[in-house]
Amino acid sequence: SETPFEYLVNTSYFVIPASGELDACHNPLNFIRKLCHKDDYVVFKLDIDTPGIESAIVDQLVNDPRVAGLVDEFFYEDHAAKNPMEYHGWGRQPKDHDMAKSIQIFSKLRALGVRAHSWV
């Protein structure tokens, strides 16, 4: 079926290289800060398969209640150590970022009101 026009005109996709640097023009959180309002329904999917950049962006989201307050739904494939995917495609992940830390991050986001979701 076709997506209704009124949804299409209110949807934005940004398929560009992402940066984890706070003030970078390609940091997706800067797009959210600039384009989104509290009354918007914001879904943010982070899946760039570059753990260092993803972690920097997630840390910024967790530590900035203003931007977290703009995000309603967050989808993130966290590349944590001791995850089954470490043995089925990802390869070894940094040991300082394990499943326990991943759960802490998602718990913090949910405490901020962000419905945060992960998948493997």
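See the structure above.
The sections below set out a description of the structure shown in this document. (Residues numbered from 1 in each chain as written. Predicted model: local features only at pLDDT ≥ 70, side-chain atom pairs only at ≥ 80, totals over all residues. Heavy atoms only, no water.)

## Describing the pairing of strand E2 (residues 73–76)
When a strand is regular, its side chains alternate between the sheet's two faces.
Consideration 1: Bridging between strand E1 (residues 43–46) and E2 involves four bridges; their strand directions are parallel. Bridge pairing links Leu 46 to Tyr 76 in E2.
Consideration 2: Sheet topology places E2 next to strand E3 (residues 115–118); four bridges connect them, and they run parallel. Paired with Glu 73 across the two strands is Arg 115, which belongs to E3. (Pairing = 2+ DSSP bridges. Helix = DSSP H or I, 4+ residues; strand = E, 2+ residues; numbered from the N terminus.)

## A closer look at the nonpolar core
Consideration 1: Formed by 21 residues in total, the largest nonpolar core has its most connected members in Ile 32, Phe 44, Leu 61, Val 71, Phe 74 and Leu 109.
Consideration 2: Taken together, the elements giving at least two residues each to this core come down to helix H2 (28–35), E1, helix H3 (51–62), helix H4 (65–68), E2 and helix H5 (99–111).
Consideration 3: Looking at this core, the element that brings in the most residues is H3, giving four residues.
Consideration 4: Aside from chain neighbours lying at most four places away, what touches Phe 44 is Pro 28, Leu 29, Ile 32, Ile 57, Val 71, Glu 73, Phe 74 and Phe 75. (Core = buried A, V, L, I, M, F, W, Y, C linked by side-chain atoms within 4.5 Å. Buried < 20%, exposed > 50% of the residue type's maximum accessible area, 1.4 Å probe, protein only. Contact = heavy atoms within 4.5 Å.)

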